[in-house]
Amino acid sequence: MRIPFNSIIQFVVHQCTKYNIDESHSLNHAMCVLNYSKQIYDKEVKITPYLYDHKHLIYTSALLHDTCDSKYTDEINSIYEIKHFLCDNNYTENDTNVIIDIITKMSYHKIKKTGFPDLRNYTRAFHVVREADLLAGYDFNRALLYGMNMMDMDFENSFHESKKLFYERMDKHISDGLFTTQFAIEHANIYCNKEKLNILVYENLIKDKN
């Protein structure tokens, strides 16, 4: 199907405003996950050709994935709103159910607690979106912004908490076996190391009081 990108993006903006989803999880992050999803998909579809038929599910899920994040929304209500939106934009009932499955089962905490879910023929599509979100999650500035916007921290406190989170979580994504796709396996270490340099820059700025 032709993906209604304009409508999806307008919906994301509306939901971010409605639920006060801050910039660490709003449209810029959604677009970043979409970008990584495309790069992962381009590699995976050569290995798993049937993913071609799931492209609209992958890209739609990438954009919508945080519009039902329980940190910001009532998950039941926001899922209902997503379903209504997808129906209005000519997604089939099956496609809608798959998208909801992907975005409600892909969180880091759920994976760590229960492992990878079995989405049958859509499991590969699930991993594409999930791993795109993990790659986007390496962005250290997102953690800084979340701490300042949603935890009411000042910059320095947010930095220290975000650094701790990075080394306790993001730095262990590879050793925890959270990447399965070719693109993610090839690039995760690169992105992780890049953000470690970013952390070091901020650390030096904070130490330099003069």
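Since this is a predicted model, take the numbers as computed values, not measurements.

Another point: helix α9 (residues 155–168). Compared with the 20 Å implied by 1.5 Å per residue over 14 residues, the 20 Å span of α9 between its first and last C-alpha is a close match. Considered for burial, the residues of α9 that qualify are S158, F159, S162 and F166. Looking straight down α9, one finds that the buried residues subtend no more than 100° of arc, so they occupy a single side. Along its buried surface, α9 packs onto α8 (140–150) and α10 (182–207). The opening residue of α9 is D154, an N-cap whose side-chain oxygen sits 3.3 Å from the backbone nitrogen of E156.

Counting across every chain of the model gives 11 aromatic pairs. Where F11 meets F85, the ring centres are 4.4 Å apart and the plane angle is 15°; that geometry is what we call stacked. Highlighted residues: F11 in helix α1 (residues 5–18) and F85 in helix α4 (residues 75–88), separated in sequence by 74 residues. Put simply, the rings of Y138, F140, F155, F159, F166, Y167, F179 and Y202 touch in pairs and so form one group of aromatic residues.

With respect to the secondary-structure elements, D22 resides in the loop between α1 and α2 (27–47). In terms of polar contacts, D22 uses its side chain to reach the side chain of Y72, at 2.4 Å. Once residues within four sequence positions are removed from consideration, D22 is found in contact with Y72, L145, Y146, N149 and M150.

Scoring rules and cut-offs
- Residues numbered from 1 in each chain as written.
- Predicted model: local features only at pLDDT ≥ 70, side-chain atom pairs only at ≥ 80, totals over all residues.
- Heavy atoms only, no water.
- Helix = DSSP H or I, 4+ residues; strand = E, 2+ residues; numbered from the N terminus.
- Expected span 1.5 Å × (residues − 1).
- Buried < 20%, exposed > 50% of the residue type's maximum accessible area, 1.4 Å probe, protein only.
- Arc of directions from axis to C-beta.
- Contact = heavy atoms within 4.5 Å.
- Polar contact = N/O pair within 3.5 Å; in protein donor to acceptor, adjacent residues only side chain to side chain.
- Phe/Tyr/Trp six-rings, centres within 6.5 Å; stacked < 30°, edge-to-face > 60°.

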